[in-house]
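Take a look at the letters that make up each chain.
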Amino acid sequence: MTDTSPRTKRLAWVALKADLDRIAAPTRAPVPAPTSTPRPTLTVIVCAYTMDRWDDLTAAVASIRAQDEPPAETILVADHCHELAARATRAFPDVRVLRNRGRRGLSGARNTGVEGARGDIVAFLDDDARAEPDWTMRLLDGYTDPHVLGVGGRIRPAWDTARPAWFPTEFDWVVGCTYRGMPEHAAPVRNLIGANMSFRRRVLIEAGGFRTDLGRVGTRPLGCEETELCIRAAARHRGGTLGYEPLAVVHHRVPVARTTWRYFRARCWAEGLSKAAVSRHTGARRALAAERSYLSSTIPRALVRPFVSDARAPKATVPALVLGVLTTALGYATGRARGLGRDPLPGPGRLALKAFGLLALPVAVLLWILAMRTPVAVDRMGGLGLLDVLPGRYWCALGLLTAGFAATLLDRAARTPRHALYTVALVTMLHATPAVLYENLRYAWAWKHVEVVDQFLRLGTTADDARELTPYHEWPGFFAGIAAAVRACGVSDALTIAVWSPLAFDLALIAPLVLLYRNFTRNRRIVWAAVWIYFSTAWVGQDYFAPQTFAFVLYVSILALALDRRRRPLATVALCAPLVLAVVTSHQLTPIMLVIAALALVCTRAYRPVGVPLLALTVTAVAAWDLTVARPFVLDQLALARDQLGHFGANANSGMVDLGAADPGQVLVAQVDRALTAAVVLLAVAALVQRPRLRRSPAALLALAPVPLLAAGTYGGEIIFRVYLFALPAVAFLVASWLALLCLPRRRPSPRALVVPLVLTFLLTGFVFGYYGKERQNHFDDGELAARDTLAAVSAPGDLIVAATNNFPGAYADYEKQEHRWFAMETPALRAAVVRDPVAGLTTLADAYDGATAYLFLTAGQRAQCDRTGLLPTGALDRMDRTLAGARRFTLVLRDRDAVIYRIEPSR
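Residues numbered from 1 in each chain as written. Predicted model: local features only at pLDDT ≥ 70, side-chain atom pairs only at ≥ 80, totals over all residues. Heavy atoms only, no water.

Asks: Please clarify how helix H34 (residues 860-869) should be interpreted in this entry.
Replies: Given 3.6 residues per helical turn, the α-helix brings residues three or four places apart onto the same face. Among the ten residues of H34, nine are classified as buried, and the element is accordingly described as predominantly covered. All of the buried residues in H34 are Ala 860, Gly 861, Gln 862, Ala 864, Gln 865, Cys 866, Asp 867, Arg 868 and Thr 869. Packing partners of the buried residues in H34 comprise helix H26 (664-690), helix H30 (775-778), helix H31 (782-794), strand S10 (800-803), strand S12 (854-859) and helix H35 (876-884). Of the residues trailing H34, Gly 870 is marked for its positive phi of about 80 degrees. (Buried < 20%, exposed > 50% of the residue type's maximum accessible area, 1.4 Å probe, protein only. Helix = DSSP H or I, 4+ residues; strand = E, 2+ residues; numbered from the N terminus. Contact = heavy atoms within 4.5 Å.)

Structure, rendered in C-alpha cells:
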C-alpha cells in the first residue's frame, strides 16, 4: 500500500525522451487507446539488482516464456550490476537486457525499462515472482475498455517455509502480496501493487514515470512509488480507471528472512515513512484514502475474527495486527515530523539558474522600453534596414530575453506562466518595435489592404470590376469583417488597426500554437520551446494586415481543435465549421492548404474519424465558394495554373531575389534567410532521424503537407514563402523536440545545456535579418504620404497613374476610378525599354490610354525597392528623373526629397 500526488513533476530524462515517444500517437484524453485498435502489444519488464537471486530470476523468465499468450518482448533491467547484465545477456538470448541509466533503485530501473519498451502495454514482474501461464492474457483482457489506464492482478505468497502462525493475511502487503481486504472479483482500485501490475505505456510516459526519490534501493524496504504513480496518472486522465483482475495471478517468493518479527516491524516502519513521503507529494487526503478504509473496516474485522466460533485465523495474529498498525502509524508520524518527501534544496547552480530566469525577463522588458524611448533615425536606414539604426539597448534586451528563456527551459521547476510571459515579451519586442518607431503604417501591401477596406466602407459592397484586386472582392470575408469593425468603432479608416495588426495577430497565434503542441506532447518545456522557435523563425513577414494572416491564425486553430481527441469527432468538426467557413470566404490559398492537411489526417488511423468529416466539410465549402462567388477569377486562373502545374523548381524560385543585381546589404539578408531556412529544415530532419517514433507523428505529416503546393503554381512569386509558413508550426515542434532530446538536462544542467541558448540565439539572429533587413523599402515617412495627397489632388477619375512599383502608400486609393501601371513589375521587355529610353518608353505606355491624362509618380519607397532587390539597375530611377526633367511632354508637378510627380501630356 502506498500513495501518490496529483502533482505532475516529471523524471528528468525519462520524461523528456519518453514524452517524445508519445508524439507518435498523441492523446490528452482519459482514453489512452481507442476501442477500434487491435489487441495491444505487451512488453514485460523484470528488474533485478543482485546476482544473489539468479535462480529466482531464471524462474521468472521461464514463467514469461511459458505464457499462453506470449508478450511481444521481454526486457530485463540490471540495476547497476554489470555482472548480472553480462550473465543475463548470455543466458537469455530472447530477452533484451538493459542497464539502468537512471538513478540507482527500483524506480530508476523501471523507468529505464519503460523508456526502452516498444509495446503498447508495459507489465512489471518482480525478479522473485513467477507468473501463471494465463497471466498476460488476463492482463490484456482488462484493456478492452479504453478508459482503463492500468491493470494489476493477484499476488500469492510463495513461502519458503510455511506461513508463520502469527502472520495475519491482512498484512500480506508486508511481503509484497495481495492482502485480505482487497476485492475478490475484478474491480477498480486506487493503486496497483508493484510485483504484478501493468499500464498503458503512454500513461507512464505522460505521468513522467516513477519517482526516483521513492521506491526500493537494494534491500531497503521502502516503497509506495507505484501508489504515487497511480494517483498521479489518475489525476492526469480524468475518467480513467485502474483495474484489479484477481485471475491474473503471480506467485511471489517469500524467503525465510521475511518471516521474522524483525522484518515485519522494519517493513511496517518503512511503510509509514513511505506514506509520509507520498502524502507530501499528493496531500494526506489522497495519500491515505485507501488506508482509512483499511483501518476502519479490514483491521477491526481481523481483530474480531480469531474469537468467533468458526474462526480459521489463530489468535496469535492479534499481537501482529496491533503491532503492525502501531508501528506503521509511528513511522508515518516520524516521517511527517522529519519532512520526508520534501524536495531537496537546490544547489547554488540551480539557484543561480532560477534567479537569472526570474530576473532576466523584467530587465529585458525595461531595456526594450528604454530603447523605444531613444530617438531612432529611421530615415537613415541603409542596406540592412532597421539593423542599421536600432539602438544597442534593443539588442541587449533581445539577447537578455533569449538567455533568460533558455535558463527557464533548463529550469525544470519553471511553470507555464513564466514561459508564457517570456513568449509574450518576445512577440511584443519583435512586432511592436516597427509600430512604435514608425510614424506611418509600414509595408505597401498593408496600405493596399487598408484601401480595399476603404472601398468597402465607401460602397458597402464588393466592386464589379476591381481588375488586379479582383481576388479581394471574390474572397471578401476579411475585408467585410474589418469594415464592420471600423464602423462599430466609429473611426474613419482601418489605419490604426493595420498599424498594430502584426502584434495583435501574433499574440492571437500563441494560444492556438500551445493547444496544437499540447496535442503532440504534455511536456510543457517542449511546448513552449516550440512556440518560441516558431516566432524566432517566422522571418517571411506574412503577419501584416492581410487576409492571409487572419486565415493562417484560423488554420492553426482548426488543426489544434482537430488533433484534440478529447471530444467526439463530429463535435470537433462542429467547432471547426465556423472557422473553416471564415477561411474559405477570406483567402484563396489557405483553404487549399486546409484540404491537404485534412487529407493528411485521413491518412492516419488515429485521426481518421475527425479527418474524414473535416475533409468533407472543407472540400464542400471550397467547391461551393469557388464555383459560385469566385467562379470568374477561378476560371481565369485555370490556364495559368495549368502552365505552372508540376514545375516544382520554377515555382519555388519565382519568389527568390536575384542576388547578382541586388544591393550588397540585401544580398547578405537573402543569404541569412536561406541559411536560417536550411538550418530549421536540417534540425527538423535530425529530430526525425534521432527519434524514429516522431516519423509517425502528426507533426511529421503536417510538416510535409504543404510541399505539394509547390506544384500548383507560383502564387505571384510567393508560393515558396507560403509553403514555409504553413510547414513552420510543425517544423518548429520537431526542432524543439530535437533540442529537448539533446540538450535539456536529466537531473542537473550539463555542458550540453549550453547548446540551448546558442541555438535560440542563432535562430533569432536569422529572424531579425529576415524580418528587419528589408525595412528600408517598407518604411514610408510623412513626405511620401504628402506627395500621394498631392497626386490625388491633381489627378482626376479616369486618369492613368504610372509608377515603377506599387511600393508606396495609397497606391490603390480610389482604385476603381483610375488606371494603374507599374512598369518595373511588368514584362522584362517593358522594363528594359523604359530604362533604356525613359521618354519613349513612358510616352508609349501613356499613349496606349487614349484620352487619359497620365501621371508619373516616383517615390523613395519605390527607389529603395528597385535598388535593393535588383528589380531595376541601381540608380535607374534617379537617372530617369534627370532625363525627364527636360523632356518635351513631361511637366513637373512636384519634386522633393521623398517623391517626384510628372504629368505626361497627351500626344497631339
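Asks: Would you explain the pairing of S10 in this entry?
Replies: Burial of S10 is two-sided: the residues Leu 800 and Val 802 facing one way and the residues Ile 801 and Ala 803 facing the other way are all buried. Across four bridges, the pairing between S10 and strand S11 (residues 819-822) is parallel. Opposite Ala 803, over in S11, you have Trp 822 as the bridge partner. (Pairing = 2+ DSSP bridges.)

Asks: Please clarify how the side chain of Arg 788 should be interpreted in this entry.
Replies: Tracing the backbone shows Arg 788 in helix H31. Aside from chain neighbours lying at most four places away, what touches Arg 788 is Phe 808, Pro 809, Gly 810, Ala 811, Ala 813 and Phe 857.

Asks: Sorry if this is basic, but what is going on with the sheet that holds strand S14 (residues 899-904) here?
Replies: Paired through their backbone hydrogen bonds, the strands of a sheet run either parallel or antiparallel. Judged by pairing direction, the sheet is mixed, and its five strands sit side by side in the order S11-S10-S12-S14-S13 without closing on themselves. With partners counted over all chains shown, the strands left at the sheet margins are S11 and strand S13 (890-895), one partner each. In this sheet, neighbouring strand axes are inclined to one another by 20 degrees on average, regardless of whether the strands run parallel or antiparallel. Running at roughly 180 degrees to S12, H31 makes contact with S10, S12, S13 and S14 of the sheet. The strands touched by H34 within the sheet are S10 and S12, with S12 carrying the most contacts at an inclination of about 70 degrees. (Axes fitted to C-alpha atoms, helices over the stretch in contact; angles between N-to-C directions.)

Asks: Just checking my understanding: could you explain helix H22 (residues 589-602) for this structure?
Replies: Its 14 residues give H22 an end-to-end C-alpha distance of 20 Å, which sits within 8% of 20 Å, the value for a rise of 1.5 Å per residue. Buried within H22 we find Leu 589, Thr 590, Pro 591, Met 593, Leu 594, Val 595, Ile 596, Ala 597, Ala 598, Ala 600, Leu 601 and Val 602. (Expected span 1.5 Å × (residues − 1).)

Asks: What is the right way to read empty space enclosed by the protein from this model?
Replies: Over the atoms rolls a probe the size of a water molecule, and its path tells where empty space is left. Using the criterion set out here, one finds nine cavities of 30 Å³ or more in the structure. Of the voids in this model, the largest cavity is the one considered here, and its volume is about 140 Å³. Asp 506, Tyr 534, Gln 542, Asp 543 and Leu 725 are, among the 17 residues lining the largest cavity, the residues nearest its centre. Going through the elements one at a time, helix H18 (495-518), helix H19 (524-537), helix H20 (547-562) and helix H29 (755-772) are the ones with two or more residues in the lining of the largest cavity. Residues that form the lining of the largest cavity fall into these classes: eleven nonpolar, four polar and two charged. If you add up the space inside the second largest cavity, you get close to 60 Å³. (1 Å grid on protein atoms, 1.4 Å probe; cavity = no way out; pocket = protein on both sides within 12 Å on 5 of 7 lines; lining within 4 Å. Points joined across faces, edges and corners; volume = space filled by probe spheres on them. Nonpolar A, V, L, I, M, F, W, Y, C, P; charged D, E, K, R; others polar.)

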